[in-house]
Structure formats: C-alpha cells, structure tokens
Amino acid sequence: MKEKDMTRLPLQAVLFDMDGTLVDTERLWWQAVEGVAGRELTEADRADVLGRPVEHTADWLAAATGAPAADLADTLHREFADRVRDGVVPRPGALDLLDALAREGVPTALVTASPRSVADTVLSALGAGRFAVSVTADDTDRTKPEPDPYLAACRALGVDPSGCVAVEDTETGVTSAEAAGCTVLAVPSLAPIEAAPGRTVVAGLAGVTPSALRALLIT
C-alpha cells in the first residue's frame, strides 16, 4: 500500500444508532409492529419496518389494513414505548465502547429514527451524560435513510462527517450515514449487511475499541 494511502484522519466523533445497535430494541419494535399488524412479519416486511420512523411503518400498515395511519402511529408509539420501558438491554460491548470513548475524550452522539419520547427513555436507562448530542425523528424534517439526522448531529458537535464513524445495524441507517459522508461500522442485528468501500461489518461491539474505530478513517 502506498504511503499516501495510509493517511489517517483524526477521529472527531462517533455517532451511534440506538435501536438494535446500542440496545436490543429492534426485536421489541418488530414485536410491536407484529402486534399492530395482527400477523407474523416476514423477510419481505423488513424494508418497511427496520430502521424506519414510526410514521413510515404506520403509512405502510395503513395501506395494507385500511386503518387510519395516524391511529396506527399512536398505537405503534405506545406499544413500542411500553416494551422499551419494560426491558432495555444494552447490546454486548456497547457500554464498554462508550466508556472507552469517554475516557479518551472522543465526543459521541445518538442518532435515531425513534421519537424523542422513546430515545429519552433509553438515554435514561443507559445513564445520563453518555452522549453530547442526541438527534431523533422529531428533530429533523427528514429522517433515515436521508442524511439529515447525521448531518444535524455533526453540526451540533461542530465536526466534519468525514472524520466521524457512524455505528449502525440496518441498511436504512447505513444509507443515511453514508449519504452524510460518514465512515460506517455496521453491526447487523436482525438483517444482514454487506461490506462495502467505507463500510466495515462486524458481528457485534464486543471488543471494538477507539483505536479500532480510528483505524477505519484511513484515506
């Protein structure tokens, strides 16, 4: 490899997705949607369920059931929030990585397609002060898979997306982060994600270190 290819950018910040990435909530969301849909979900449903804001999934359910989308969204909010309150479980290695980044002074942000009410419940469970910034579906006009949430987090932190690693578990989130210009560490939860240029796929966060994240920022 040529020397110029080994230029390493400084790690300015790490931007974390929430559901399925930091906490094991993708299954809770899947269960909530199944309950509202009144049937078991299949592989064909993933694109409209995982990584999507509540409103998108409600519109999708409305088209299939004929029920008002607004009513479905309210029910989805309630069902998911109830499940989150009953059991937020951090994914293996998530808290260790957050603590290691804090010790090294690397800023972190939470970037989620969940509403503020759910994000605040999870933030409280994870411990106050773990993130310098949090961006939810309520905070931007467009949410994932658009780049807006990640761009908003970078602006709030005062960092360049090219110096940030985004940690995501769904194709929807990966698309959002990459469109914003971030390097991506993908930790698939319920659906596989393919490796690609600027994207590294690992089985989980256990053993991931700040040094490993810095190593991803090589131009």
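It should be noted that the structure appears before, not after, this text.
Calculation criteria
- Residues numbered from 1 in each chain as written.
- Predicted model: local features only at pLDDT ≥ 70, side-chain atom pairs only at ≥ 80, totals over all residues.
- Heavy atoms only, no water.
- Helix = DSSP H or I, 4+ residues; strand = E, 2+ residues; numbered from the N terminus.
- Rg over C-alpha atoms; globule rule 2.2 N^0.38 Å.
- Buried < 20%, exposed > 50% of the residue type's maximum accessible area, 1.4 Å probe, protein only.
- Contact = heavy atoms within 4.5 Å.
- Salt bridge = Lys/Arg side-chain N within 4 Å of Asp/Glu carboxyl O.
- 1 Å grid on protein atoms, 1.4 Å probe; cavity = no way out; pocket = protein on both sides within 12 Å on 5 of 7 lines; lining within 4 Å.
- Points joined across faces, edges and corners; volume = space filled by probe spheres on them.
- Pairing = 2+ DSSP bridges.
- Axes fitted to C-alpha atoms, helices over the stretch in contact; angles between N-to-C directions.
- Parallel < 35°, antiparallel > 145°, perpendicular 65-115°, else oblique.
- Left-handed = near helix turned anticlockwise from the far one by under 90°.
- Expected span 1.5 Å × (residues − 1).
- Arc of directions from axis to C-beta.
- Phe/Tyr/Trp six-rings, centres within 6.5 Å; stacked < 30°, edge-to-face > 60°.
- Lys NZ or Arg CZ within 6 Å of the ring centre and 35° of its normal.

Participant: Teacher, can you tell me more about the overall build of the protein chain here?
Facilitator: A tally of regular secondary structure across the protein chain gives nine helices and six strands. Against the globule reference of 17 Å for 219 residues, the protein chain gives a C-alpha radius of gyration of 17 Å, in line with a compact fold. Considering the protein chain as a whole, with its 219 residues, one finds that 48% of them fall into the buried category. Counted over contacts in the protein chain with a minimum sequence separation of 6, partners at least 24 positions apart contribute 63%.

Participant: Would you mind showing me how to read the pattern of salt bridges here?
Facilitator: Proximity of charged atoms lets side chains of opposite charge pair with each other. Inspection of the entire model under this criterion finds 13 salt bridges. With a shortest N-O distance of 3.0 Å, Arg39 and Asp45 are connected by a salt bridge. Asp148 serves as the salt-bridge partner of Arg142, at 2.9 Å between the closest nitrogen and oxygen. On the accessibility criterion, Arg142 (41% relative accessible area) is partly exposed. Asp148 sits in the buried class, given a relative accessible area of 17%. One salt-bridge network, in which partners are shared between bridges, spans Asp17, Lys144 and Glu168.

Participant: What exactly am I supposed to notice about the layout of surface pockets here?
Facilitator: Approximately 160 Å³ is the volume found for the largest pocket. What lines the largest pocket is simply Glu43, Arg46, Ala47, Leu50, Thr170, Glu171, Thr172, Ala191, Pro192 and Ile193. Counting only elements with at least two residues in the lining of the largest pocket, the list comes to helix H2 (46-49) and helix H8 (171-180).

Participant: Sorry if this is basic, but what is going on with the pairing of strand E1 (residues 13-16) here?
Facilitator: Within a regular strand, the side chains alternate between the two sheet faces. Residues of E1 alternate between two faces, with Ala13 and Leu15 on one and Val14 and Phe16 on the opposite face, all of them buried. In terms of strand pairing, E1 meets strand E4 (residues 164-168) through four bridges, oriented parallel. Residue pairing in the sheet places Phe16 in a bridge with Val167 of E4. Relative to strand E2 (residues 108-111), E1 is paired through three bridges, and the arrangement is parallel.

Participant: What exactly am I supposed to notice about the packing of helix H7 (residues 148-157) against H8 here?
Facilitator: Angle between the axes and distance between the axes are the two parameters that describe a pair of packed helices. One can describe the packing of H7 onto H8 by two numbers: an axis separation of 7 Å at closest approach and a directional angle of 50 degrees. By the angle class used here, H7 and H8 are oblique. Seen along the crossing, H7 lies across H8 with a hand that is right-handed. The residues of H8 that touch H7, namely those facing Pro149, Tyr150 and Leu151, are Gly173, Ser176, Ala177 and Ala180.

Participant: For this particular structure, what's the right way to read helix H4 (residues 69-86)?
Facilitator: For an α-helix, the turn length of 3.6 residues means that residues three or four places apart are oriented alike. Its 18 residues give H4 an end-to-end C-alpha distance of 26 Å, which sits within 8% of 26 Å, the value for a rise of 1.5 Å per residue. Listed as buried for H4 are Leu72, Ala73, Leu76, Phe80, Ala81 and Val84. Angular distribution of buried residues about the axis of H4 spans 155 degrees; they occupy a single face of the element. For H4, the exposed residues set more than 90 degrees away from the buried face come down to Arg85 and Asp86. On the buried face of H4, the contacting elements are helix H1 (26-37), helix H3 (54-65) and helix H6 (116-126).

Participant: What is the right way to look at the packing of aromatic side chains in this model?
Facilitator: The full count for this structure, using the stated rule, is two aromatic pairs. Aromatic side chains Phe16 and Phe131 sit 6.4 Å apart centroid to centroid with 70 degrees between the ring planes, which places their arrangement in the edge-to-face category. On the criterion of sequence distance, the pair formed by Phe16 in strand E1 and Phe131 in the loop between H6 and strand E3 (133-135) is long-range, its members being 115 residues apart. The class of Phe131 is buried, set by a relative accessible area of 13%. Judged by centre distance (5.4 Å) and plane angle (75 degrees), the ring pair of Trp29 and Phe80 falls under edge-to-face. Here the residue Trp29 occupies a position in helix H1, and Phe80 occupies one in helix H4, the gap between them amounting to 51 residues. With respect to burial, Trp29 and Phe80 carry one shared label: buried. Sitting over the face of the ring of Trp30, Arg46 holds its NZ or CZ atom 5.3 Å from the ring centroid.

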